[in-house]
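Chain and residue survey
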Amino acid sequence: MAKTVIVHRFYAGDKCVLMSEWYEPLSIDQLRERAQQAIEWGYGDPDIVTDTTGRIVRLKEAGEEQQ
């Protein structure tokens, strides 16, 4: 039996800078860790994450930058 894969898309503004696939929705802490990786890898500074379950997660408040 095949497992369902959840696709997480990390957006910096209106641009998708990272996609991540996993077998279950990632927790807020896991999303923040992946966003930090995107920054370290030079992909951008994600502020919003969506996933294929329909969830939208704001990683930071308006005007805030991740450290």
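Here is a short report on the structure shown in this document. (Residues numbered from 1 in each chain as written. Predicted model: local features only at pLDDT ≥ 70, side-chain atom pairs only at ≥ 80, totals over all residues. Heavy atoms only, no water.)

1. What about the packing of aromatic side chains?
Our working rule: Aromatic rings from Phe, Tyr and Trp, with only the six-membered ring used for Trp, were paired whenever their centres fell within 6.5 Å, and each pair was classed as stacked if the ring planes differed by under 30 degrees, edge-to-face if by over 60, and tilted otherwise. Residue burial is assigned from relative accessible area. The probe radius is 1.4 Å, only protein chains are included, and a residue is buried under 20% of its type maximum, exposed over 50%, and partly exposed in between.
Under the criterion given, the structure shown has two aromatic pairs. Taken together, a centroid distance of 5.8 Å and an interplanar angle of 65° make the contact between W41 and Y43 edge-to-face. What makes Y43 partly exposed here is its relative accessible area of 44%.

2. Thoughts on the pairing of strand β2 (residues 15-22)
In regular strands, side chains alternate between the two faces of the sheet. Our working rule: Strands were regarded as paired on the criterion that DSSP finds at least two bridges between them. Strands are runs of DSSP state E lasting at least two residues, helices are runs of H or I lasting at least four, and both sets are numbered from the N terminus onward.
Two strands pair when backbone bridges link them, and strand β1 (residues 6-12) and β2 are joined in this way by seven bridges, in the antiparallel orientation. Within the sheet, the bridge partner assigned to I6 lies in β2 and is W22. Hairpin connection between β1 and β2: a loop of two residues separates the two successive antiparallel strands, and G13 in this loop has a positive phi of roughly 70°.

3. Comments concerning the sheet that holds strand β4 (residues 56-58)
Rule in force here: Only the stretch in contact is used when a helix axis is fitted, and all axes are lines through C-alpha atoms; the angle between N-to-C directions ranges over 0 to 180 degrees.
Taken together, the four strands give an open sheet; going across it, the order is β2-β1-β3-β4, and neighbouring strands pair in antiparallel fashion. With partners counted over all chains shown, the strands left at the sheet margins are β2 and β4, one partner each. Taking the axes of each pair of neighbouring strands and ignoring which way they run, one obtains an average angle of 20° across the sheet. Bridge analysis of β1 against strand β3 (residues 48-51) gives four bridges, and the strand direction is antiparallel.

Interpretation note: all reported values are geometric properties and have no functional meaning in isolation.
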